[in-house]
Amino acid sequence: MNYKVIAKNNIKNSFGLYKNYFVSLSIALALFNTLQIFAKDHVIADSLSGSAKVEFMSYVTSVLFTLFTIFFIIYFNRFFLKQRAEELGIYSMLGMSRKNIISILTAENTIIIGTSCLAGMVLSILLYSLIKAFLIATLKLDIPYLTQLTITPFIITLVLSVFMILIIFFDNQHLIKRLSLVNISNLNQASEKVIKIKSWTAYLGILSLLVAYILVLNTAKQSQSLWSKIGFAPLALITLVLVILGTFLIIKSTLAYFINRKINNHHQLYRPTNNIFLPESLFKLKTKSNLLIVLSLVISAIIALTGSFFLLINYQTASLIKTVPSAIEIDQKLSPYQTSQVKQIARQYNGKYKAIEVASATSNRPIQLSKTTTTKKCKIISESNFMELLQQQNNKLRNNIKASRKTSYLFTLYPIRGSRGTVHINGQRINLKEANIWPIYAKGNYAYIAVNDKQFKEISSHSPNKTVYAINGSNLRENEELYKKIKKLKVDFLSAYKTNKDVVSYNSASLLMDAFIAVLFFVFVGCILYFTILMETLNVTDEFKLLDNIGYNKMQQKKIATANNLLIFLPPIIMGSLNGLVAFLGFRYMFLTNDVIKFLGTLQMVAEPIIITFLLLIVAYGVIYIFSYHKTKVLLEI
């Protein structure tokens, strides 16, 4: 018996059933192979932040992806078996043994996965080329666009494909060999179980999640939190178990419990859509609960990873603007010739040149810089230089405090209500108010203060002074040519461009892998949601024909179809969004202290990553839902 011919004919005749599975599997394998190519491309890895770091993160990502891929193929393999139950039953009645049937299924899966692997490899080369060109352009990496590809990534992807075929083979063997020949044709009914609903498990799921969320948000107390007192590892394990347990019970019991309460409310069943949807939804939740739980946890990871990715990007940008405020800052005394060269370079790029006098002095008492730091050593500049330099840098103060004879700016990381107190410096009485930004590079344990021009003149006349030179202007912070020309002068200087490039190089591998994992998970969840809705629709085509025959109009049928789709689509999206949001907030509290958040800006550091993440979620899964709903209407002819 030629199993390959039978398998080819089966795929050809059921191509409509398999084509979407083939496309999604090809995309998933393409992303996986792209990740492997990047991990083995030592040219770009070394340009980012070291090949060892990239390879390690690639290994972790590959393991996660492999685990989810195994779940993906097992889920859809079992679904396809149920869809083809009658066909397999005919095979058994024609005299085929279980071994023959398994051989046909193995041949089919070998063809599909093998073709998907080949298509994914070809697509991965295109994806790799596009992503590499994007990285070179955005990160300004000095590496060639074209490099020789190694065969190792393709071997790894091929090994994964073979492993997938073996997993499906053993899964089919497990399913079919334990059934009698008669029961093979009844696979659709093999998994049906009596639905038991317990109220205590429904409320336990909600309670578990609430406790987990409270534990995560407790990190906001930082040094006073339970995480500091008990330890990170035990609390992290407890929180993870509570989140998984809560998600499991809410999907498994809580949703079914509240739907059952609606069913027991007979007024709900009088509605023509509810009397069809509500009873069916209980069984659908029971049979799809494991899938919805996994999708919820994966979406939780997507939200947490994507939000953290944008948090790190914003942190990098905001912190550099605060800590390295000028495009170029020269911290040494320049000769007249060097000064004229710096001015000439600034004019060449339409930049603004500014020389700032900085006085070093000592206050009569310690000045509080933070909750734990005080100092008497001061660095002082005049208010006119302070305001002019902020204007050139396009920076603004936190408030509209105006310096006066008795009020001066004190640079601090976070605001404290009211006055910082009064100090005396070289006979000048100064009332301190905090400022959220300092226009020159602030280093060392100093109190940085801007006083009015008259006070500065008095203070500087009795203190050692130095001059700091700054260049600012539109788009000069990212200007590589400006950096190179100043570098040729061989002076001590700080460059926003160079600092940003160094930070990007150091963090790029982590950010790249974070983005890759998020994209892989997006694709994984999108494929499963689309397929699940599509296959559920195929299961109920006959039921909708019956509804049409008994008098249900098109609008009522659309409402039932929409409710069926949303039952699959919404629970993992909502649960995953809640879990992911709380996980992101926990990461934010552990990664950045409240003082740093206030210093860099709560809107930019917290609100913006959340908004962008959820916009991406809505757009990505909104498109998937629209496509699936359109396909539903076509299949059901409504």
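For the structure itself, look to the data block above.
As the structure is a prediction and not an experimental result, all values here were calculated from the model.

J.: Give me the overall build of the protein: which residues, what numbers.
T.: Looking only at helices and strands, the protein features 23 helices and nine strands. Intrachain contacts of the protein at a sequence separation of at least 6 include 81% that bridge at least 24 residues. Accessible surface for the protein amounts to roughly 31,000 Å². Of this, 62% is attributable to carbon and sulfur atoms.

J.: So what about the pattern of salt bridges? Which residues, and what values?
T.: This structure, assessed with the given rule, holds six salt bridges. Note that Lys 443 is salt-bridged to Asp 331, the shortest N-O span being 3.3 Å. Within this pair, whereas Lys 443 is found in the loop between strand E6 (428-435) and strand E7 (447-451), its partner Asp 331 is found in the loop between strand E1 (328-330) and helix H15 (336-348), the two being separated by 112 residues in sequence. Given a relative accessible area of 25%, Asp 331 falls into the partly exposed group. Within this structure, Asp 331, Lys 443 and Lys 466 form a network of salt bridges that share partners.

J.: Tell me about the nonpolar core, and please be specific about residues and values.
T.: In this structure, Tyr 21, Phe 72, Val 525 and Tyr 621 are the most contacted members of the largest nonpolar core, which totals 83 residues. Looking at which element gives the most residues to this core, the answer is helix H19 (residues 496-539), with 17 residues. In this structure Val 525 touches Leu 295, Val 298, Ile 299, Ile 302 and Tyr 621, once residues within four positions along its chain are discounted. Among the nonpolar cores identified, the runner-up in size contains 28 residues, and Leu 311, Ile 381, Ala 470 and Leu 592 belong to it.

J.: Quick rundown of the pairing of strand E5 (residues 422-425)? Include the residues and the values.
T.: Only one face of E5 is covered, namely the one carrying Val 423 and Ile 425; the face carrying Thr 422 and His 424 has none of its residues buried. Relative to E6, E5 runs antiparallel, the two being bridged by four bridges. By the bridge assignment for E6, Thr 422 is matched with Asn 431. Following E5, the chain reverses through two residues before pairing antiparallel with E6; Asn 426 in that reversal takes a positive phi of roughly 50°.

J.: Provide a residue-level description of the pairing of E6, including the pertinent values.
T.: The buried fraction of E6 amounts to six of the eight residues, a majority that puts the element mostly inside the structure. As judged from the five bridges shared by strand E4 (residues 407-411) and E6, these two strands associate in the parallel manner. The residue bridging Leu 410 from the neighbouring strand is Glu 434, located in E6.

J.: Residue-level account of the environment of Ile 517, with values.
T.: Tracing the chain through its elements places Ile 517 in helix H19. A sequence separation of 456 residues divides Ile 517 from Thr 61, and the C-alpha atoms of the two residues are 6.4 Å apart. In this structure Ile 517 touches Thr 61 and Leu 305, once residues within four positions along its chain are discounted.

J.: I'd like a description of the packing of helix H10 (residues 199-217) against helix H12 (residues 232-264), backed by residues and values.
T.: For the pair H10 and H12, the least separation of the axes is 6 Å and the interaxial angle reads 145°. H10 and H12 meet at a crossing whose hand is left-handed.

J.: Go over a nonpolar patch on the surface, please, and point to the residues and values.
T.: Taken together, the side chains of Val 23, Ile 27, Leu 123, Leu 126 and Leu 130 present a nonpolar region at the surface, about 410 Å² in accessible area. Topologically, Val 23 is positioned in helix H2 (residues 15-40).

J.: Describe the packing of aromatic side chains, and please don't skip the residues or the numbers.
T.: The final tally for this structure, using the stated rule, is 17 aromatic pairs. Relative to Tyr 621, the ring of Phe 522 has its centre 5.5 Å away and its plane inclined at 35°; by these criteria the two rings are tilted. Placement of Phe 522 in helix H19 and of Tyr 621 in helix H23 (residues 602-636) is noted, with a sequence separation of 99 residues between them. Residue Phe 522 shares its accessibility class with Tyr 621, and that shared class is buried.

J.: Tell me about the side chain of Asn 564, and please be specific about residues and values.
T.: Within the fold, Asn 564 resides in helix H21 (residues 554-591). Each residue touching Asn 564, except ones within four places of it in the same chain, is listed here: Phe 277, Lys 284 and Phe 544.

J.: Tell me about the packing of H12 against helix H14 (residues 274-323), and name the residues and values.
T.: Contact geometry for H12 and H14: axes closest at 9 Å, N-to-C directions at 165°. In this view, H12 runs roughly antiparallel relative to H14, as classed from their interaxial angle. Once H12 is placed against H14, the crossing between them reads as right-handed. The segment H12 lies against H14, with Ile 244, Thr 247, Phe 248, Ile 251, Lys 252, Leu 255, Ala 256, Ile 259, Asn 260, Lys 262 and Ile 263 engaging Leu 278, Pro 279, Ser 281, Leu 282, Leu 285, Ser 289, Asn 290, Leu 292, Ile 293, Ser 296 and Leu 297. Grouping the amino acids of the contact of H12 with H14 by side-chain chemistry returns 14 nonpolar, six polar and two charged.

The rules behind the values
Residues numbered from 1 in each chain as written. Predicted model: local features only at pLDDT ≥ 70, side-chain atom pairs only at ≥ 80, totals over all residues. Heavy atoms only, no water. Helix = DSSP H or I, 4+ residues; strand = E, 2+ residues; numbered from the N terminus. Contact = heavy atoms within 4.5 Å. Areas by Shrake-Rupley, 256 points an atom, 1.4 Å probe, with all protein chains shown as cover. Salt bridge = Lys/Arg side-chain N within 4 Å of Asp/Glu carboxyl O. Buried < 20%, exposed > 50% of the residue type's maximum accessible area, 1.4 Å probe, protein only. Core = buried A, V, L, I, M, F, W, Y, C linked by side-chain atoms within 4.5 Å. Pairing = 2+ DSSP bridges. Axes fitted to C-alpha atoms, helices over the stretch in contact; angles between N-to-C directions. Left-handed = near helix turned anticlockwise from the far one by under 90°. Patch = residues over 30% accessible without salt bridge, like charges linked within 9 Å, V, L, I, M, F, W, Y side chains within 5 Å. Phe/Tyr/Trp six-rings, centres within 6.5 Å; stacked < 30°, edge-to-face > 60°. Parallel < 35°, antiparallel > 145°, perpendicular 65-115°, else oblique. Nonpolar A, V, L, I, M, F, W, Y, C, P; charged D, E, K, R; others polar.

In short, shape yes, function no, at least from these values alone.
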